[in-house]
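# Remarks on the overall topology
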Amino acid sequence: QRIVTGTAMVGDPGHAQQNHPEVNLAGFHISLAKAESDSPQVNEMKKKVIILSIGMAVFVVLQILASNIFSASKMSSAIHQLVSALPVGPDGEQAIEDVPSGGNFFLGNLTTMMSGIAVGLLVPACGFFGTKNGDKNIIQMFMYGNACCSCCGIVGFIGLLIAFNALNSF
């Protein structure tokens, strides 16, 4: 991916035009709000937050989709193993008829999956729209959301280390 940064002229002809920082990412032009106190370093930081937010959003969607596909595949495999272990009837057919497939499990989780994606996109959306519109309150929500996710990740990693240590002690 090639990232090009520049400025975009916005405004109507009746008013003085202002330069607004812009992020060009994969052919999409994202114009950012400009504050009077913005320095080149602040504009670069805004561009990085936009790119980070988009990356986080893509990761959230891919992670939830992959997790659900993997779970549906495991569940389908387990059910087919159970069905193959069932006794065969006198006519040579399995005693069970309609065995659900992995697609059934995936589609059955569609509402949960869409809810997970919607909730998972809240933090990246705060970063994107807070930076794009120059809203400090939404940017603070982005920072607090990332801090909470980081703390949960650290606690989860420590729990994993403790679990591995407990398993190795046996």
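As shown above, the structure is provided for reference.
One numbering rule holds for all chains: residues counted from 1, following each sequence as written. The predicted origin of the model limits local features to residues at a pLDDT of at least 70 and limits the giving and counting of side-chain atom pairs to 80 or more, whereas totals for whole chains, interfaces and linings rest on all residues. Water and hydrogen atoms play no part in the side-chain values, which are based on all heavy atoms of the structure.

### Here we look at the overall build of the chain
Segments assigned H or I by DSSP are reported as helices when at least four residues long, segments assigned E as strands when at least two residues long, and all are numbered from the N terminus. Within the chain one finds 5 helices and 3 strands. The linear arrangement of helices and strands in the chain, starting from the amino end, is β-β-β-α-α-α-α-α. A burial count over the chain gives 21% of its 170 residues as buried. A separation threshold of at least 6 residues defines the contact pool for the chain, and within that pool the share at least 24 residues apart is 46%. Summed over its atoms, the accessible surface of the chain is roughly 12,000 Å², and 66% of this surface lies on carbon and sulfur atoms. Residue burial is assigned from relative accessible area. The probe radius is 1.4 Å, only protein chains are included, and a residue is buried under 20% of its type maximum, exposed over 50%, and partly exposed in between. Throughout, a residue-residue contact means that at least one pair of heavy atoms, one from each residue, lies within 4.5 Å. Computed with a 1.4 Å probe, the accessible areas rest on the Shrake-Rupley method; for each residue, only the protein chains presented here act as cover.

### Overview of the packing of aromatic side chains
Only Phe, Tyr and Trp rings are paired, with Trp represented by its six-membered ring, and only when their centres lie within 6.5 Å; those with planes under 30 degrees apart are stacked, over 60 edge-to-face, the remainder tilted. Applying the stated rule across the entire model yields 1 aromatic pair. Ring centres of Phe-128 and Phe-129 lie 5.0 Å apart, and the angle between their planes is 85°; on these two criteria the pair is classed as edge-to-face.

### Regarding the pattern of salt bridges
Here a salt bridge means any side-chain nitrogen of Lys or Arg lying within 4 Å of a carboxyl oxygen belonging to Asp or Glu. This structure, assessed with the given rule, holds 1 salt bridge. Between Lys-47 and Glu-44 there is a salt bridge, with the nearest N and O atoms lying 3.5 Å from each other. Within this pair, Lys-47 and its partner Glu-44 are both found in helix 1 (residues 40-85), separated by 3 residues, close to a single helical turn.

### Examining a nonpolar patch on the surface
Surface patches are drawn from residues lacking salt bridges whose relative accessible area is over 30%; two like charges belong together within 9 Å, two nonpolar side chains (Val, Leu, Ile, Met, Phe, Trp, Tyr) within 5 Å. A contiguous nonpolar surface patch, about 730 Å² in accessible area, is contributed by Phe-157, Leu-160, Leu-161, Phe-164, Leu-167 and Phe-170. Looking at where Leu-160 falls in the secondary structure, it is placed in helix 5 (residues 136-168). Residue Leu-160 is classed as partly exposed on the basis of its relative accessible area of 42%.

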